[in-house]
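Given next are the chains, with one letter for each unit.
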Protein chains: 2
Amino acid sequence: MQLKKYTDYGLRILMYLGSVQNSELPDKRATIKEICETFKLSANHVNKVVHHLGRLKLIETRRGKHGGFLLAKAPDEIRLDYVIRELEGDEAWIDCHNPYCVALPACELNSIVGRGKELFYEHLSRYTLKDLLKNSAQLQQIFLTAGQSPALNRSA
Amino acid sequence: MQLKKYTDYGLRILMYLGSVQNSELPDKRATIKEICETFKLSANHVNKVVHHLGRLKLIETRRGKHGGFLLAKAPDEIRLDYVIRELEGDEAWIDCHNPYCVALPACELNSIVGRGKELFYEHLSRYTLKDLLKNSAQLQQIFLTAGQSPALNRSA
DNA sequence: TCAAAAGATACATCAATAATGCACTTTATA
DNA sequence: TATAAAGTGCATTATTGATGTATCTTTTGA
Ligand code: SF4
Ligand code: SF4
């Protein structure tokens, strides 16, 4: 019972964009390479998440030289329930088929857990990317220094 | 993002006991074999869940001939949040260490998701095994007939 | 016009862990 | 004392998430 790293990576990417695309640099693009260096992640995996975020129209991707991606919406328009539902995949938390469970016709459990799941998402729906950027200054600082270190290593 | 089958099996076992140990047969013991035949499950896996439920003092197990197990508490004293927390394992839904995430010092996400998780369990805490036995009569019927069929197959 | 830099796409492989199986032990009781 | 039950530890399999490789396409600037 844990969110996929894939989902968390998606949120990290959005946080990164939200913190780097501040009022002074509203059109700043980030690249996959940059994200990977900051968070020490696999480029391929991040690639897939970025692509997914692009399909969801949460970010705008651009290929080619000087390409990259940036937020396609204001941070307060990006709701966490939506992001997590989409990245995580919105399956039932108990699978009563595969294989079929005999109790199903009389079972109350699946609906109780299902309602609990909805409460989880309702809670998330009260937050947006903007809430994740509360400590924006500190995040900027972190991302700045985290992005620096591999540069030092490259020359070593 | 799904509960483990292990957890669901535990709840099935409790439902089975609750429905079979009715007012007429309050001391009726069930066996692992019986559960497996009813739900078509692996004896070894059920074995482990039964053992776990025994350690949690939710059921009372007895070894040896004419052994088996029965509920150790009234159904309305067995809260679903407790059962699911224990069987599922109560880990954080996002792991910010392993490997360490640079954003952690400034990140709001883990606490938002953590609160959502608690809301999920708070919801479950409003239900007990008794609620799962709402359709007790139908469950009894289901378990009775489900337990019969393999008996027919054994002689075939 | 071509080379380089970026994301897009498809497929392959690895790793983690849940799920299951097997063998054997211990205990109760008829 | 044989048998039927749960207890225990270890091995194996299956699932799927995580990661890697290769190649393609798009964009842009020299
Ligand atoms: S016990 Fe209820 S929730 Fe669990 S698999 Fe069966 S029908 Fe679904
Ligand atoms: S982004 Fe936040 S929640 Fe996700 S791993 Fe990093 S610190 Fe934890």
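Look up: the structure comes first, before these words.
None of the values given here were measured: they were computed from a predicted structure.

Quick notes on the rules
Residues numbered from 1 in each chain as written. Chains lettered and ligands numbered in written order. Predicted model: local features only at pLDDT ≥ 70, side-chain atom pairs only at ≥ 80, totals over all residues. Heavy atoms only, no water. Helix = DSSP H or I, 4+ residues; strand = E, 2+ residues; numbered from the N terminus. Buried < 20%, exposed > 50% of the residue type's maximum accessible area, 1.4 Å probe, protein only. Contact = heavy atoms within 4.5 Å. Least-squares fit on C-alpha atoms with pLDDT ≥ 70 in both. Near = heavy atom within 4 Å. Polar contact = N/O pair within 3.5 Å; in protein donor to acceptor, adjacent residues only side chain to side chain. Nonpolar A, V, L, I, M, F, W, Y, C, P; charged D, E, K, R; others polar. Salt bridge = Lys/Arg side-chain N within 4 Å of Asp/Glu carboxyl O. Core = buried A, V, L, I, M, F, W, Y, C linked by side-chain atoms within 4.5 Å.

> Before we go on, may I ask you to explain the environment of A:Q140 in this structure?
Residues and elements named next belong to chain A. Along the polypeptide, Q140 turns up in helix α7 (residues 136–155). Given a relative accessible area of 31%, Q140 falls into the partly exposed group. When the C-alpha positions of Q140 and N98 are compared, they lie 46 Å apart, and in sequence the two are 42 residues distant. When near neighbours in sequence (up to four residues on either side) are disregarded, Q140 contacts S19 and N22.

> Please explain the relation of the copies chain B and chain A as it appears in this structure.
Put simply, the two copies of the chain differ by a rotation about an axis and a shift along that axis. Overlay of chain B on chain A (RMSD 0.0 Å): rotation 180°, translation along the axis 0.0 Å. The transformation just described matches what one would write down for a two-fold rotation axis.

> I'm lost on the protein's contact with DNA strand C in this one. Help?
Within the structure, DNA strand C sits among 25 residues, and A:I32, A:H51, B:K5, B:K48 and B:R62 are positioned closest to it. Protein-proximal atoms of DNA strand C, defined as those within 4 Å of the protein, fall in sugar or phosphate at a share of 65%. A distance of 2.5 Å separates a base oxygen of DNA strand C from a polar atom in the side chain of B:K48. Contact distances for DNA strand C include 3.5 Å between a base nitrogen and a backbone N or O atom of B:K65. Going through the elements one at a time, α3 (43–55), β1 (59–62) and β2 (68–71) of chain A together with α1 (5–20) and α3 (43–55) of chain B are the ones with two or more residues in the surface near DNA strand C. Among the residues making up the surface near DNA strand C, the classes are represented as four nonpolar, 11 polar and 10 charged.

> Got a minute to help me understand the site of ligand 2 in this structure?
Every residue near ligand 2 is listed here: A:D8, A:R12, B:I94, B:C96, B:C101, B:L104, B:C107, B:L109 and B:N110. Of the chains in the model, those with residues near ligand 2 are chains A and B. Only α1 (5–20) of chain A together with α5 (109–124) of chain B provide two or more residues apiece to the shell around ligand 2.

> Just checking my understanding: could you explain the pattern of salt bridges for this structure?
Residues and elements named next belong to chain A. Applying the stated criterion to the full structure yields 15 salt bridges over all chains. K117 is paired through a salt bridge with D90; the nearest N and O atoms lie 2.8 Å apart. Placement of K117 in helix α5 (residues 109–124) and of D90 in the loop between α4 (80–88) and α5 is noted, with a sequence separation of 27 residues between them. On the basis of relative accessibility, which here comes to 8%, the residue K117 falls in the buried class. Note on D90: relative accessible area 42%, which makes it partly exposed. Each of R85, D90, K117 and E118 takes part in a single network of salt bridges with overlapping partners.

> Hey, could you run me through the site of ligand 1 in this one?
In the vicinity of ligand 1, the residues found are A:I94, A:C96, A:C101, A:L104, A:C107, A:L109, A:N110, B:D8 and B:R12. Looking at the residues close to ligand 1, they fall on chains A and B. Breaking the shell around ligand 1 down by element, the ones donating at least two residues are α5 of chain A together with α1 of chain B. Considering only residue class, the shell around ligand 1 consists of six nonpolar, one polar and two charged.

> In this structure, what is going on with the nonpolar core? I would like to understand it.
The nonpolar side chains of a soluble globular protein tend to be buried, and buried together. In this structure, A:I13, A:V113, B:I13 and B:V113 are the most contacted members of the largest nonpolar core, which totals 99 residues. Apart from the residues within four sequence positions on either side, B:V113 is in contact with A:L3, A:I84, A:F120, A:L124, B:W93 and B:I94.

> Looking at this structure, I do not really get the protein's contact with DNA strand D. What am I missing?
Contacts to DNA strand D come from 24 residues, most closely from A:K5, A:N44, A:K48, B:I32 and B:H51. A share of 65% of the atoms of DNA strand D within 4 Å of the protein falls on sugar and phosphate groups. One of the side-chain N or O atoms of A:Y9 is found 3.5 Å from a phosphate oxygen in DNA strand D. Take A:R62: an N or O atom from its side chain is 3.1 Å from a phosphate oxygen of DNA strand D. At the level of secondary structure, the elements contributing two or more residues to the surface near DNA strand D comprise α1 and α3 of chain A together with α3, β1 (59–62) and β2 (68–71) of chain B. For the surface near DNA strand D, the residue count by class is four nonpolar, 10 polar and 10 charged.

> Please explain the environment of B:N22 as it appears in this structure.
Residue and element names in this part refer to chain B. Tracing the chain through its elements places N22 in the loop between α1 and α2 (32–39). By relative accessible area, N22 is classed as buried at 18%. When the C-alpha positions of N22 and R62 are compared, they lie 19 Å apart, and in sequence the two are 40 residues distant.

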